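Single-letter residue listing:
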Amino acid sequence: MNAELAAAFDTQLQQAREHVAASRLEAAYACLERAHVLGQWHTLPHLRTHWALLQLGLQRRDVREIVGQVLRLAAAMIATPVGLVPAGNTGGARVSPWRAMPIDPDAKRLLRNDPRSARGLEKR
């Protein structure tokens, strides 16, 4: 992951932590969805995002999110290294794990400047 993309990814995780600390759980969820889009073509960031979504699901006592994230953690370990990632998917249990989704222009710019992510976008 290039430095610019890594910084944007880390910012989203940090903002999510800050929102959780302030009990703004929907805002935290939105930050984690964006982090997922930014990190989904890199195995460790992808796993970190699903782990954070699982933690948020546990805090919210959201069974659907908990089960969805456990399954997504397992799938991400296998699918990410081989590039089987639906572009733009936000990673939460509210959407199908196989559904490609639109990517906002700023995120798309960051992804296009990262070689591994750009290859993932090309497959789209």
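Calculation notes
- Residues numbered from 1 in each chain as written.
- Predicted model: local features only at pLDDT ≥ 70, side-chain atom pairs only at ≥ 80, totals over all residues.
- Heavy atoms only, no water.
- Phe/Tyr/Trp six-rings, centres within 6.5 Å; stacked < 30°, edge-to-face > 60°.
- Lys NZ or Arg CZ within 6 Å of the ring centre and 35° of its normal.
- Buried < 20%, exposed > 50% of the residue type's maximum accessible area, 1.4 Å probe, protein only.
- Helix = DSSP H or I, 4+ residues; strand = E, 2+ residues; numbered from the N terminus.
- Arc of directions from axis to C-beta.
- Contact = heavy atoms within 4.5 Å.
- Core = buried A, V, L, I, M, F, W, Y, C linked by side-chain atoms within 4.5 Å.
- Patch = residues over 30% accessible without salt bridge, like charges linked within 9 Å, V, L, I, M, F, W, Y side chains within 5 Å.
- Areas by Shrake-Rupley, 256 points an atom, 1.4 Å probe, with all protein chains shown as cover.
- Salt bridge = Lys/Arg side-chain N within 4 Å of Asp/Glu carboxyl O.
- Expected span 1.5 Å × (residues − 1).
- Polar contact = N/O pair within 3.5 Å; in protein donor to acceptor, adjacent residues only side chain to side chain.

**Q** Looking at this model, I keep getting lost on the packing of aromatic side chains. Mind explaining?
**A** The description of an aromatic ring pair rests on the distance of the ring centres and on the angle between the ring planes. In the structure shown here, the tally under the stated rule is zero aromatic pairs. In this structure, Arg 94 is placed above the aromatic ring of Tyr 29, and the distance from its NZ or CZ to the ring centre is 3.9 Å.

**Q** Just checking my understanding: could you explain helix 6 (residues 115–122) for this structure?
**A** Owing to its 3.6 residues per turn, the α-helix aligns residues three or four sequence positions apart on the same side. Turning to helix 6, its buried residues number three or more, namely Ser 117, Ala 118, Gly 120 and Leu 121. With its buried residues spanning 155° around the axis, helix 6 presents them on a single face. Of the residues in helix 6, the exposed ones pointing more than 90 degrees away from the buried face are Pro 115 and Glu 122. Buried residues along helix 6 sit in contact with helix 1 (3–21) and helix 5 (105–112).

**Q** Is there a simple way to think about the environment of Leu 32 in this case?
**A** Take Leu 32: it is sitting in helix 2 (residues 25–39). Residues Leu 32 and Leu 47, 15 residues apart in the sequence, show an inter-C-alpha distance of 12 Å. Every residue in contact with Leu 32, bar those within four places of it in the chain, is listed here: Leu 13, Ala 16, Thr 49, Ala 52, Leu 53 and Leu 56.

**Q** Sorry, what's going on with unusual backbone geometry here?
**A** Most peptide bonds take the trans configuration, and most residues that are not glycine carry a negative phi. The phi dihedral of Ser 23 is positive, around 60°, even though this residue is not glycine. Residue position: Ser 23 is located in the loop between helix 1 and helix 2. Even without being a glycine, Arg 61 presents a positive backbone phi close to 55°. Residue placement: Arg 61 occurs in the loop between helix 3 (43–60) and helix 4 (63–79). Residue classification places Arg 61 among the exposed positions, given a relative accessible area of 73%.

**Q** I keep staring at the nonpolar core and nothing clicks. Help me out?
**A** Formed by 22 residues in total, the largest nonpolar core has its most connected members in Leu 32, Leu 38, Trp 41, Ile 103 and Leu 111. Elements that contribute at least two residues to this core include exactly helix 1, helix 2, helix 3 and helix 5. Considering every element that reaches this core, the biggest residue donor is helix 2, with seven residues. Apart from the residues within four sequence positions on either side, Leu 111 is in contact with Leu 5, Val 37, Leu 38, Trp 41, Ile 103, Ser 117, Ala 118 and Leu 121.

**Q** Which parts of the structure should I look at to understand a nonpolar patch on the surface?
**A** Nonpolar side chains collect at one region of the surface, where Val 63, Val 67 and Leu 71 lie side by side and expose about 290 Å² of accessible area between them. By secondary structure assignment, the location of Leu 71 is in helix 4. Residue classification places Leu 71 among the exposed positions, given a relative accessible area of 57%.

**Q** Would you mind going over the environment of His 50 with me for this structure?
**A** Mapped onto the elements of the fold, His 50 is located in helix 3. Taking the C-alpha atoms as reference points, His 50 and Ser 23, separated by 27 residues in sequence, lie 19 Å from one another. Excluding residues within four positions of it along the chain, His 50 makes contact with His 36, Gln 69, Arg 72, Leu 73, Ala 76 and Gly 91.

**Q** Got a minute to help me understand helix 4 in this structure?
**A** Under the 1.5 Å per step criterion, the end-to-end length of helix 4 is 24 Å for 17 residues, consistent within 8% with the ideal 24 Å. Residues Glu 65, Gly 68, Gln 69, Arg 72, Leu 73, Ala 76 and Ala 79 constitute the buried set of helix 4. Axial view of helix 4: buried residues confined to an arc of 150°, hence all on one face. Of the exposed residues in helix 4, the ones pointing more than 90 degrees away from its buried face are Val 63, Leu 71, Met 77 and Ile 78. Along its buried surface, helix 4 packs onto helix 2 and helix 3. At the N-terminal boundary of helix 4, the capping side chain belongs to Asp 62, with an oxygen 3.2 Å from the backbone nitrogen of Arg 64.

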